[in-house]
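A closer look at the structure
Listed below, chain by chain, are the residues.
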Amino acid sequence: MKSLEDALKHKVGLGTAPLGNMFREVPEEEAQTTIQTAWDQGVRYFDTAPFYGAGLAEMRVGEVLSNYNRDDYVLSTKVGRYVTNEKEDKEGLFQYARDNKVITDYSEDATLKSIEQSLERLKTNRLDMVFVHDVSPDFHGDEWIAKFDEARKGAFRVLSRLKDEGVIGCWGLGVNTTEPIELAMELEETKPDVCLSATQYTLLQHERALQRMMVTAEEKDVDIVVGSPYNSGVLLGGDHFNYAKAGPDIIDRVNQMNEIGKKYDVPLKAAALQFSTSHPAVKSVIPGSTRPDRIKEDIEMIQRNIPNDFWHELVNKGFISSNAPLPIHTR
């Protein structure tokens with residue numbers, strides 16, 4: 001199996017939540033072109049999930065990647081949800097998804113069913129990484145600890161077994177908060193190898209992650225993949241922050257950072273990608289998009305030269321923690 005490090009020329013993978021019709025209906029041709037453009041730009045790591053459009057993102061990824069040698073790319077998907085043939089009305093993030101009903105279930109049987117379905121939609125016989133999806137307070141509220149316990153006894157054990165059998169390369173959690181990853185890394189009987197942390201280690205939001213999650217990841221040798229590095233687009237001028245409408249305080253913070261960026265000719269996209277990937281625990285960052293030209297831009301931005309003074313000013317003005325590793329160039 002190709003390792004994540006081998007697959008990453010420039011630490012950028014492709015997150016495919018938007019390709020599951022998140023927030024809008026994405027035409028099939030646009031979705032296929034986005035994935036193809038990522039491949040043509042040298043991207044070799046693709047992350048997806050059954051939750052993204054009730055299997056739609058996985059189907060779109062499988063359609064493109066099945067044209068290539070399976071050893072030439074790294075693929076991750078998620079468990080914790082499986083798709084049924086029953087129909088349901090959609091709302092929220094994926095209101096434009098396929099109308100198949102999605103069941104949330106972290107048990108052993110559901111995990112196996114989820115993986116079987118994903119392999120079929122992705123047109124492959126193996127998965128490089130599998131993340132236990134959204135076993136987290138933002139989705140389950142006060143019930144999240146009970147759900148975590150269900151996953152610990154079900155999904156975690158199954159994934160550990162499948163790793164030993166060679167069906168998957170490695171596993172971990174894929175969540176939008178830090179606590180579940182912190183908890184999982186401390187377990188004795190099942191240990192994650194890699195975790196997908198969305199929205200939590202970004203230019204805009206990283207204090208909490210720095211204090212515990214990133215420290216433990218380094219101590220326990222757990223790799224981190226950073227998802228949603230633009231916090232659902234607000235860092236790039238969008239109006240969503242962490243999958244909800246951004247408040248005026250967040251917009252104001254982004255505007256102030258933008259002013260500093262203009263002073264040094266640094267787009268916040270470049271700063272966001274380079275900030276997230278500067279931490280030694282971070283192996284990859286996976287921005288999502290449905291626009292082919294944005295993929296090219298991501299590759300350019302992660303390689304863009306950023307003056308040290310830009311980083312120093314962000315730290316001095318309190319926008320970046322003084323404890324955060326930075327991409328400072330030595331002269």
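Residues numbered from 1 in each chain as written. Predicted model: local features only at pLDDT ≥ 70, side-chain atom pairs only at ≥ 80, totals over all residues. Heavy atoms only, no water.

Assigned secondary structure in the protein consists of 13 helices and 12 strands. A globule of 331 residues ought to have a C-alpha radius of gyration of about 20 Å, and the protein, at 19 Å, matches this closely. Overall size of the protein, expressed as C-alpha extent along the three principal axes, is 55 × 45 × 40 Å. Within the protein, residue pairs in contact and separated by at least 24 positions form 76% of the contacts whose partners lie at least 6 positions apart. For the protein, the accessible area works out to roughly 14000 Å², and carbon and sulfur atoms hold 44% of it. Within the protein, one finds 39 positive and 53 negative side-chain charges whose respective centroids are separated by 2 Å. (Helix = DSSP H or I, 4+ residues; strand = E, 2+ residues; numbered from the N terminus. Rg over C-alpha atoms; globule rule 2.2 N^0.38 Å. Contact = heavy atoms within 4.5 Å. Areas by Shrake-Rupley, 256 points an atom, 1.4 Å probe, with all protein chains shown as cover. Lys, Arg positive; Asp, Glu negative; His and termini not counted. Charge placed at Lys NZ, Arg CZ, Asp CG, Glu CD.)

Moving on, we come to unusual backbone geometry. For D221, which is not glycine, the phi torsion reads 60° and is therefore positive. Note on placement: D221 falls in the loop between α9 (207–220) and β9 (223–227).

Here we take up the nonpolar core. Grouped together as the largest cluster of nonpolar side chains are 82 residues, with contacts concentrated most on F46 and L203. With six residues, helix α11 (residues 268–276) is the largest single contributor of residues to this core. Setting aside anything within four residues of it in sequence, one finds F46 in contact with L14, I35, A38, W39, L65, Y73, V74, L75 and S76. L4, M129, C170 and I286 belong to the second-largest nonpolar core, a separate cluster that totals 11 residues. (Core = buried A, V, L, I, M, F, W, Y, C linked by side-chain atoms within 4.5 Å. Buried < 20%, exposed > 50% of the residue type's maximum accessible area, 1.4 Å probe, protein only.)

With that settled, the discussion passes to the UniProt feature "domain: NADP-dependent oxidoreductase" (unreviewed entry) in the protein. Sites flagged by UniProt as "domain: NADP-dependent oxidoreductase" (unreviewed entry) map to residues 11–314. Along residues 11–314 the backbone is 42% helical and 19% strand, and the end-to-end C-alpha distance reaches 23 Å. (UniProt positions renumbered as here; feature names shortened; annotations may be inferred.)

Across the interface, helix α4 (residues 108–121) lies against helix α7 (residues 155–165) with an axial gap of 8 Å and an inter-helix angle of 50°. As the angle between them shows, α4 and α7 are arranged oblique. In this structure, α4 meets α7 at a crossing whose hand is right-handed. Along its contact with α4, which presents E108, T111, L112 and I115, the element α7 presents A155, V158, L159, R161 and L162. Split by residue class, the contact of α4 with α7 holds six nonpolar, one polar and two charged. (Axes fitted to C-alpha atoms, helices over the stretch in contact; angles between N-to-C directions. Parallel < 35°, antiparallel > 145°, perpendicular 65-115°, else oblique. Left-handed = near helix turned anticlockwise from the far one by under 90°. Nonpolar A, V, L, I, M, F, W, Y, C, P; charged D, E, K, R; others polar.)

Okay, the sheet that holds strand β7 (residues 168–175) next. Read from one edge to the other, the open sheet built from eight strands follows the order β1-β2-β3-β6-β7-β8-β9-β12, with strand pairing classed as parallel. Where the open sheet ends on each side, the last strands, each with one partner, are β1 (14–15) and β12 (282–286). Across five bridges, the pairing between strand β8 (residues 194–198) and β9 is parallel. Bridge pairing in β9 links V194 to D223. (Pairing = 2+ DSSP bridges.)

Take the packing of aromatic side chains next. This structure, assessed with the given rule, holds 12 aromatic pairs. Aromatic side chains W39 and Y73 sit 6.0 Å apart centroid to centroid with 75° between the ring planes, which places their arrangement in the edge-to-face category. Taken together, the positions of W39 in helix α2 (residues 28–40) and Y73 in the loop between α3 (56–65) and β3 (74–79) put the pair 34 residues apart, joining distant regions of the chain. Side by side, W39 and Y73 carry an identical accessibility label, which is buried. (Phe/Tyr/Trp six-rings, centres within 6.5 Å; stacked < 30°, edge-to-face > 60°.)

As a further point, take the pairing of β3. For β3, the buried fraction is high: six of the six residues fall into the buried class. Alternating residues of β3 divide into V74, S76 and K78 and L75, T77 and V79, and every residue in both groups is buried. Bridge analysis of strand β2 (residues 45–47) against β3 gives three bridges, and the strand direction is parallel. Bridged to D47 within β3 is S76. Since β2 and β3 lie parallel, the crossover through α3 that links them has a hand, and here it is right-handed. Summarising the sheet, β3 and strand β6 (residues 127–133) pair through four bridges and their orientation is parallel. Within β6, the position partnered with S76 by the bridge is M129. (Right-handed = clockwise from strand over helix to strand, strands pointing away.)

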